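# Analysis of the macromolecular model
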Amino acid sequence: MAATTDFTRLFQDMMPAFNMDPTVFRNAFEKQAAFGEKLTKIAFEAAERSCELQAKLNRETLNRLSDVTKARTEPADYTKAASDFATASREMASDSMAAFAEIAKKAQMETVELLLSTGKTAQENAAAAMQKATGDMAATMQRPAAAAAK
């Protein structure tokens, strides 16, 4: 009679290698929450700086508008005030666009750095987990083979 492999025993020996540890899920949740917190911090800081810049721009515009609306004695003075306002507004727009671009650039760089560091950590963790799983699986598979050889 030929020797047969006991698959029931094989699976009973193999399944403990796949035990589920709830701390793995807790750790994954904590890491995801920490990542979300860091990403949100970057976004909130950029939004805060943008709001501050916009508020400053609004204050300066209103101050310049108050100069435009003052009563003048000569009609030419109204034209000059409007021209000065337009020139100042153009310069403010140029400066503020550059400042907004810097805010966006900084947020983008911080986000990329966060994603790269998170990706590297995830890759290292996945490689370690796969190496451990491969070793556990090999050990589990060797047990039935050794038992069948006896």
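Since the structure is predicted, the reported quantities are computational estimates derived from the model, not experimental observations. (Residues numbered from 1 in each chain as written. Predicted model: local features only at pLDDT ≥ 70, side-chain atom pairs only at ≥ 80, totals over all residues. Heavy atoms only, no water.)

### Things to note about helix H1 (residues 7–14)
Residues spaced three or four apart along an α-helix face the same direction, because each turn holds 3.6 residues. For H1, every residue scored as buried is listed here: Leu10, Asp13 and Met14. One side of H1 holds all its buried residues, which, seen down the axis, span an arc of 95°. (Buried < 20%, exposed > 50% of the residue type's maximum accessible area, 1.4 Å probe, protein only. Helix = DSSP H or I, 4+ residues; strand = E, 2+ residues; numbered from the N terminus. Arc of directions from axis to C-beta.)

### Quick look at the confidence of the model for the protein
In this model, the protein carries an average pLDDT of 86, and 89% of its residues clear a pLDDT of 70 or more. Across the protein, the secondary-structure element scoring lowest on mean pLDDT is H1, at 76, and the one scoring highest is helix H2 (residues 22–68), at 92. (pLDDT = per-residue confidence, 0-100.)

### Here's the deal with H2
Taking 1.5 Å per residue as the helical rise, H2 with its 47 residues ought to reach 69 Å, and the 68 Å between its terminal C-alpha atoms agrees with that figure. Buried residues of H2: Phe35, Ile42, Ala46, Leu53 and Leu57, and no others. (Expected span 1.5 Å × (residues − 1).)

### Digging into the layout of surface pockets
Approximately 280 Å³ is the volume found for the second largest pocket. Around the second largest pocket, the lining residues are Ala28, Lys31, Gln32, Ala34, Phe35, Lys38, Leu114, Ser117, Thr118, Thr121, Ala122 and Asn125. Elements that contribute at least two residues to the lining of the second largest pocket include exactly H2 and helix H3 (75–149). Its residues placed into classes, the lining of the second largest pocket shows five nonpolar, five polar and two charged. (1 Å grid on protein atoms, 1.4 Å probe; cavity = no way out; pocket = protein on both sides within 12 Å on 5 of 7 lines; lining within 4 Å. Points joined across faces, edges and corners; volume = space filled by probe spheres on them. Nonpolar A, V, L, I, M, F, W, Y, C, P; charged D, E, K, R; others polar.)

### A few points about the nonpolar core
If you look at the biggest cluster of nonpolar residues, it comprises seven residues: Phe35, Ile42, Ala46, Leu53, Ile103, Ala107 and Leu114. Mapped onto this core, the elements with two or more residues apiece are H2 and H3. It is H2 that provides the largest number of residues to this core, a total of four residues. With sequence-adjacent residues up to four places away left out, alanine 107 is seen in contact with Ile42 and Ala46. (Core = buried A, V, L, I, M, F, W, Y, C linked by side-chain atoms within 4.5 Å. Contact = heavy atoms within 4.5 Å.)

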